[in-house]
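# Tertiary structure, described
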Amino acid sequence: MIQRFIELGEGYGDIYELCELARVNKERIHQAFIFTSTKDNITYFSIAIALKPVNTANFFPIYICREGIVETQHEPKRLTIFKEVLNELSIQPIKVDIKHSSVYVDVNLYYQYIIGILRLNNLIPPLQ
C-alpha cells in the first residue's frame, strides 16, 4: 500500500478545502490528526485527515495543512473550525507531538518520519 501525504498548504485559506474534503469523504475517513511541533519556543499545529483507499486501489492519502496555525493564548480560530467540522462528522482527532519540519533537509523525509510514527502507533495501517 502506498501511503502518501498530500499537502494542501499551510492552513490559511486551504483549511476550508481540507474541511470540505472531510465532509465530502466522511465515509472514507480513516482518522483525523492534529500534529503539534515546536520551533523557537513557538508551537505550530498541522491538521490532517487520512482517507481509506478507494475500491481496490492501493493508495492511502493523508491530506495535510502543514504548520501554518500558531498557538496563541486562545485556541486559534482555524483549529476551532477544523474541530467543529470533525465534531459534525462524529470524528475525534488524534493529537500527536512531532518534530518541526525545519529539522529535515527535505519535506519528503519529514513526511516519511510522520508516517513511521503513525504506523508505529497503529494509527494508520501497515504496508502490505
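An account of the accompanying structure is given in this report. Computed from a predicted model, the values in this text were never measured in an experiment. (Residues numbered from 1 in each chain as written. Predicted model: local features only at pLDDT ≥ 70, side-chain atom pairs only at ≥ 80, totals over all residues. Heavy atoms only, no water.)

Glancing now at the pattern of salt bridges. Tallied over the full model, the rule gives five salt bridges. The salt bridge partner of K83 is E75, with a shortest N-O separation of 2.6 Å. On the basis of relative accessible area, E75 is assigned to the partly exposed category, the value being 40%. Taken together, the shared-partner salt bridges connect E7, R66 and E67 into one network. (Salt bridge = Lys/Arg side-chain N within 4 Å of Asp/Glu carboxyl O. Buried < 20%, exposed > 50% of the residue type's maximum accessible area, 1.4 Å probe, protein only.)

Bringing the environment of N25 into the picture now. Mapped onto the secondary structure, N25 falls in the loop between α1 (14-24) and β2 (29-39). Measuring from C-alpha to C-alpha, the distance between N25 and L51 comes to 7.8 Å, with 26 residues separating the pair along the chain. (Helix = DSSP H or I, 4+ residues; strand = E, 2+ residues; numbered from the N terminus.)

A word on the sheet that holds β2. Strand order in the open sheet made by the five strands is β1-β4-β3-β2-β5, with mixed pairing throughout. In this open sheet, the two edge strands, each paired with only one partner strand, are β1 (2-9) and β5 (94-97). On average, adjacent strands in this sheet sit at an angle of 25° to one another, irrespective of strand direction. Sheet contacts for helix α3 (residues 107-120): β1, β2, β3 (42-51), β4 (59-70) and β5; angle to β1, the most-contacted strand, approximately 125°. (Pairing = 2+ DSSP bridges. Axes fitted to C-alpha atoms, helices over the stretch in contact; angles between N-to-C directions. Contact = heavy atoms within 4.5 Å.)

With 22 residues, the main nonpolar core has L18, I47, I49 and F82 as its most contacted residues. Taken together, the elements giving at least two residues each to this core come down to α1, β2, β3, β4 and α2 (77-88). Among residues more than four places away in sequence, those in contact with F82 are I15, L18, C19, A32, F33, I34, I47, A48 and I49. In terms of nonpolar packing, the next biggest core, distinct from the first, is built from 20 residues, F5, A50, V96 and I114 among them. (Core = buried A, V, L, I, M, F, W, Y, C linked by side-chain atoms within 4.5 Å.)

Turning next to the packing of aromatic side chains. Any aromatic ring pair is given by two values, namely how distant the centres are and how the planes are angled relative to each other. Enumeration over the complete set of coordinates arrives at six aromatic pairs. Each ring, one from F33 and one from F35, has its centre 5.5 Å from the other, and the planes form 15°; the classification is stacked. Taken together, the ring pairs connect F5, Y104, Y110, Y111 and Y113 into an aromatic cluster. (Phe/Tyr/Trp six-rings, centres within 6.5 Å; stacked < 30°, edge-to-face > 60°.)

Let us now look at the packing of α1 against α2. Direction vectors running N to C along α1 and α2 enclose 5°, while the axes themselves pass 10 Å from each other. Accordingly, the angle class assigned to the pair α1 and α2 is roughly parallel. Within the contact between the two elements, α1 uses I15, Y16, L18, C19, A22 and R23 and α2 uses R78, L79, I81, F82, V85 and E88. Class assignment of the residues belonging to the contact of α1 with α2 gives a composition of nine nonpolar, no polar and three charged. (Parallel < 35°, antiparallel > 145°, perpendicular 65-115°, else oblique. Nonpolar A, V, L, I, M, F, W, Y, C, P; charged D, E, K, R; others polar.)

Taken by themselves, the reported measurements are silent on function.
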